[in-house]
Amino acid sequence: RSIVGSGVAESKGIKRGVVVNLEAAVDSIKKAIEEAELMAGIEIDSVHLALSGPHIKGFNSRGVIAVAGKNREITRDDVRRAIDAAKAVALPTGREILHVLPQDFVVDEQDGIGAPVGMTGARLEVNVHVVTGATSSTQNIVACVNRAGIAVVDTVIEQLAASDAVLTQDEKELGVALVDIGGGTSEVAVFSLGGMVAARSIRIAGDEMDENLVAYARRQYNLLLGERTAEDIKIAIGSAYPGDWDAQRITLRGRDLLTGLPRSVEVGATQIREGLEPSIVEIINAVRDTIEETPPELLADIMENGITLAGGGALLLGLDVRIAEETQMPVHIAEDPLTCVVRGTGIILQDVDTLEKILVPETYQRPLR
């Protein structure tokens with residue numbers, strides 16, 4: 001599915017995936033929607049919303065049922081009942097299920113089955129990955145979109161959306177990790193046997209890198225930078241690993257903290273990399289921690305097939321090399337990493353079978369407008 005229109009607006013009112021100022025967030029959403037409408041030449045009245053943030057967490061679960069039919073032939077209804085049994089777990093107050101992702105099925109004692117419908121057996125088991133989110137966080141972002149005059153049809157977590165844009169089904173079967181580094185959050189997910197087996201979200205991403213540079217300039221040069229200036233510097237000369245780019249230099253322009261007057265300082269790429277280091281380390285640690293949560297029997301395949309980087313943060317010079325060195329895994333950058341989530345959401349929407357597998361319809365029965 002091709003993109004016919006896009007809108008980009010500064011993410012005001014949303015900090016690290018969480019709404020902190022509802023009205024400011026509504027204004028940002030309106031601006032992005034108006035820009036997309038203008039480019040596409042159509043009016044937008046509903047959206048499919050990608051969610052991110054540390055409040056999104058997952059766990060593995062198993063459901064077991066007796067096959068109901070007289071001939072013990074497994075039907076789609078049996079599969080649904082098995083998945084319902086797997087998601088029938090007690091959740092902490094204030095949390096809700098966003099997705100139930102089947103990993104594999106077991107018919108009687110035969111495991112590793114991907115599609116059991118039509119097979120014969122007395123007992124059906126399913127292993128699933130249950131994704132949950134904080135009800136308040138999800139409702140707040142939905143409320144922002146509604147106040148912008150747009151209905152939310154359903155939601156999908158960013159890891160799933162991005163994975164459909166950049167990973168093939170074969171890669172998901174064999175085992176691969178996906179790291180999506182956005183503005184407010186970084187999402188890490190591990191896929192194997194065709195489904196997600198581990199995931200993590202941290203509040204460290206592009207915005208935090210900007211704040212790192214602001215703090216670095218203050219600490220090293222007594223210079224106050226604006227966050228927009230820090231963003232421009234990061235894009236122009238930021239890196240995560242030594243390379244040819246280290247010869248580049250850039251001028252930091254800000255306010256002298258001692259005199260209060262404008263001042264400029266010329267620095268090199270190595271200094272900017274030093275400023276970005278705290279966020280880079282946190283992202284790499286999140287990748288390591290998520291991979292460590294992967295079931296041991298799947299780990300060897302993940303290590304061999306490696307990591308795909310998506311999101312705007314994937315464009316940071318040398319980040320792929322740095323993560324590869326730190327994890328001892330092959331790493332490559334997705335094609336057009338900035339649009340992965342949008343493209344992946346479109347792919348999910350046109351695949352009815354995928355949509356049925358990942359969405360929990362009752363979750364989205366929220367008041368609109």
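The rules behind each value
Residues numbered from 1 in each chain as written. Predicted model: local features only at pLDDT ≥ 70, side-chain atom pairs only at ≥ 80, totals over all residues. Heavy atoms only, no water. Pairing = 2+ DSSP bridges. Helix = DSSP H or I, 4+ residues; strand = E, 2+ residues; numbered from the N terminus. Contact = heavy atoms within 4.5 Å. Axes fitted to C-alpha atoms, helices over the stretch in contact; angles between N-to-C directions. Buried < 20%, exposed > 50% of the residue type's maximum accessible area, 1.4 Å probe, protein only. Phe/Tyr/Trp six-rings, centres within 6.5 Å; stacked < 30°, edge-to-face > 60°. Lys NZ or Arg CZ within 6 Å of the ring centre and 35° of its normal.

Strand order in this open sheet of three strands is β12-β13-β14, and the pairing throughout is antiparallel. If you trace the sheet from one side to the other, it starts and ends with β12 (223-224) and β14 (262-268), each paired once. Here β12 pairs with strand β13 (residues 249-256) via two bridges, running antiparallel. Paired with L223 across the two strands is D256, which belongs to β13. The strands touched by helix α7 (residues 227-237) within the sheet are β13 and β14, with β13 carrying the most contacts at an inclination of about 170°. Sitting on the sheet, helix α8 (residues 269-292) touches β13 and β14, and the angle it makes with β14 is about 100°.

Now for the pairing of strand β10 (residues 186-192). Within β10, seven of the seven residues are buried, which leaves the element mostly enclosed by the surrounding structure. Burial of β10 is two-sided: the residues S186, V188, V190 and S192 facing one way and the residues E187, A189 and F191 facing the other way are all buried. Linking strand β9 (residues 176-181) to β10, which pair antiparallel, is a turn of four residues. In this structure, β10 lies alongside strand β11 (residues 195-202), joined through seven bridges in antiparallel fashion. Looking across to β11, one finds that V188 is bridged to R200. Connecting β10 to the next strand, β11, in antiparallel fashion are two residues, including L193 with a positive phi near 55°.

Time to look at the packing of aromatic side chains. Counted under the stated rule, the structure contains one aromatic pair. When the centroid spacing of 6.1 Å and the interplanar angle of 80° are considered together, the rings of Y216 and Y221 count as edge-to-face. Looking at Y216, the relative accessible area reads 4%, which means it is buried. Over the ring of F191 we find K172; its NZ or CZ atom is 5.5 Å from the centre of that ring.

Alignment of β13 against β14, held across seven bridges, turns out to be antiparallel. Residue pairing in the sheet places R255 in a bridge with P262 of β14. Taken together, β13 and the strand that follows it, β14, pair antiparallel across an intervening segment of five residues, in which G260 is found at a positive phi of about 80°.

Once that is clear, we can look at the sheet that holds strand β6 (residues 110-113). The strand order across the open sheet built from four strands is β4-β7-β5-β6, with neighbouring strands paired in antiparallel fashion. The open sheet is flanked by β4 (57-66) and β6, the only strands paired with a single partner. Put simply, the sheet's adjacent strands are angled 35° from each other on average, direction ignored. Bridge count for strand β5 (residues 95-107) against β6 is two bridges, and the pairing is antiparallel. Its bridge partner lying in β6, V107 is registered against Q110. Packing of helix α2 (residues 76-87) onto the sheet brings it into contact with β4, β5 and β7 (123-134), and relative to β4 it is tilted by some 130°.

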